[in-house]
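# Report on the structure
Residues per chain, in single letters:
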Amino acid sequence: MTISDITLKYLCQKYRHEIGTGFDKFLLGIKVRYVAENKKFCYAYFGNFFFFGDDFYIWEKDEKYADDHNQDVVEAVFEDACAGRGYARRVIFAGVQTDFKDCNGEYIYTGDVIRIEKDQERTKYLAVGAWSHEDGNGQYCFILDNHNWDLEDCIWQSYRLERVGTVFYQLDPSDFNSVNQRVMEFNGWRDTEEERKEKVLMAQYTPNFDQEFWKYGGLEILGVEFDWR
């Protein structure tokens, strides 16, 4: 299956009872990434999260998340089939693990920015998205201006791929973050060379809520490193 935002929402609705009751023994092994807080990604498996409209929620057990719990959302999605599930906390969805790995053996996620190299060709930096229907038919790809470059085809042609960051910079915690939309914005074909360099730099400091580019430039000057993986 190719898991896009659309597919994931459909699957969460289809398996709503299992997610609500916590009976996840036979659920799909889909792994997603989310923004836990500024400068920190976390990961969860299917069955431990759900959507309410465009908003993305994680089940938490720790009492420190009690104040973040949204009972109205839980009742709207699951009615009363959530005993013992813990606290439903809204977070920012930040991509899904694909079946592909980069040159370092790391799994590629949608929303990842990839350095693409081959022989004498010019090095490219592109972000990975996913086009698919509810049934999961589709492809993981670099979404470009008027076409998609299939990730599988890129690997088959022996391009060297390396994850260097993500598109989750200049985040607004109140906004819905469509991964494909952010991917398309990163891959903007009308970007100048300077704009491209700025995007690649910001991609290395993710997740990040800073809006001003100079703050990302300052992090580079100071030699700050983010453990964005």
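Residues numbered from 1 in each chain as written. Predicted model: local features only at pLDDT ≥ 70, side-chain atom pairs only at ≥ 80, totals over all residues. Heavy atoms only, no water.

In total, this model carries 1 cavity of 30 Å³ or more according to the counting rule given. Here the largest cavity defines a volume of roughly 80 Å³. Lining the largest cavity are Phe-51, Asp-54, Asp-55, Phe-56, Arg-90, Val-91, Ile-92, Phe-93, Asp-175, Phe-176 and Asn-177. The element that contributes the greatest number of residues to the lining of the largest cavity is strand 5 (residues 87-101), accounting for 4 residues. Tallied by class, the residues present in the lining of the largest cavity amount to 6 nonpolar, 1 polar and 4 charged. (1 Å grid on protein atoms, 1.4 Å probe; cavity = no way out; pocket = protein on both sides within 12 Å on 5 of 7 lines; lining within 4 Å. Points joined across faces, edges and corners; volume = space filled by probe spheres on them. Helix = DSSP H or I, 4+ residues; strand = E, 2+ residues; numbered from the N terminus. Nonpolar A, V, L, I, M, F, W, Y, C, P; charged D, E, K, R; others polar.)

Here we come to the confidence of the model for the protein chain. Mean pLDDT over the protein chain stands at 91; residues scoring 70 or higher make up 99%. At the low end of the mean pLDDT range in the protein chain sits helix 2 (residues 16-21), at 86; at the high end sits strand 6 (residues 107-109), at 98. (pLDDT = per-residue confidence, 0-100.)

It is worth spelling out the side chain of Thr-2 at this point. If you trace the backbone, Thr-2 turns up in the segment before helix 1 (5-14). Within the structure, Thr-2 has its side chain in polar contact with the backbone oxygen of Gly-138 (distance 3.3 Å). Looking at Thr-2, its side chain comes within polar contact range of the main-chain nitrogen of Gln-139, at 3.5 Å. Residues contacting Thr-2, with those up to four places away along its chain left out, are Thr-7, Ala-130, Trp-131, Ser-132, Gly-136, Gly-138, Gln-139 and Tyr-140. (Polar contact = N/O pair within 3.5 Å; in protein donor to acceptor, adjacent residues only side chain to side chain. Contact = heavy atoms within 4.5 Å.)

Right, let's get into the packing of aromatic side chains. Under the definition given, this model contains 16 aromatic pairs. Residues Phe-41 and Phe-168 carry aromatic rings whose centres are separated by 6.3 Å and whose planes lie at 80 degrees to one another, so their mutual orientation is edge-to-face. Taken together, the residues Phe-41 in strand 2 (residues 40-45) and Phe-168 in the loop between strand 11 (160-166) and helix 5 (179-186) connect sequence positions 127 residues apart. Side by side, Phe-41 and Phe-168 carry an identical accessibility label, which is buried. With a centroid separation of 5.8 Å and 70 degrees between ring planes, the pair formed by Phe-46 and Phe-49 is classed as edge-to-face. When sorted by exposure, Phe-46 lands in the same class as Phe-49, which is buried. Members of the aromatic cluster, each reached through a chain of ring pairs, are Tyr-15, Phe-46, Phe-49, Phe-51, Phe-56 and Phe-93. Just above the ring of Tyr-43 sits the side chain of Lys-31; from NZ or CZ to the centre is 5.2 Å. Against the face of Phe-41 rests Arg-33, its NZ or CZ located 5.0 Å from the ring centre. (Phe/Tyr/Trp six-rings, centres within 6.5 Å; stacked < 30°, edge-to-face > 60°. Buried < 20%, exposed > 50% of the residue type's maximum accessible area, 1.4 Å probe, protein only. Lys NZ or Arg CZ within 6 Å of the ring centre and 35° of its normal.)

Taken as a whole, this structure holds 15 salt bridges when the rule is applied. A salt bridge links Arg-89 to Glu-60, with the nearest nitrogen and oxygen atoms 2.9 Å apart. Taken together, the positions of Arg-89 in strand 5 and Glu-60 in strand 4 (residues 55-60) put the pair 29 residues apart, joining distant regions of the chain. Judged by its relative accessible area of 9%, Arg-89 is buried. Connected through salt bridges with shared partners, the residues Arg-33, Glu-106, Asp-112, Arg-163 and Arg-229 form a single ionic network. (Salt bridge = Lys/Arg side-chain N within 4 Å of Asp/Glu carboxyl O.)

Inspection of the sheet shows strand 3 (residues 49-52) paired to strand 4 by 4 bridges, in the antiparallel sense. Residue pairing for strand 4: Phe-49 is matched across the bridge by Ile-58. (Pairing = 2+ DSSP bridges.)

Let's shift gears to the pairing of strand 8 (residues 124-132). Where strand 7 (residues 112-117) and strand 8 come together, 4 bridges link them in antiparallel fashion. Following the sheet pairing, Arg-115 is matched in strand 8 by Tyr-125. Taking the residues between adjacent antiparallel strands as the criterion, strand 7 and strand 8 are bridged by 6 residues, where Asp-119 takes a positive phi near 45 degrees. Between strand 8 and strand 9 (residues 138-143), which follow one another and run antiparallel, lie 5 residues, and Gly-136 among them has a positive phi close to 90 degrees.

We now examine unusual backbone geometry. Across the junction of Thr-206 and Pro-207, the peptide omega takes the value -5 degrees, indicating a cis bond. Position of Pro-207 relative to the elements: it lies in the loop between helix 6 (193-203) and helix 7 (213-222).

The next subject is helix 5. Listing the buried residues of helix 5 in full gives Val-179, Asn-180, Arg-182, Val-183 and Phe-186. Projected onto a plane normal to the axis of helix 5, the buried residues spread over an arc of 160 degrees and lie on a single side. Buried residues in helix 5 make contact with helix 1, strand 5, strand 7, strand 8, strand 9 and helix 6. (Arc of directions from axis to C-beta.)

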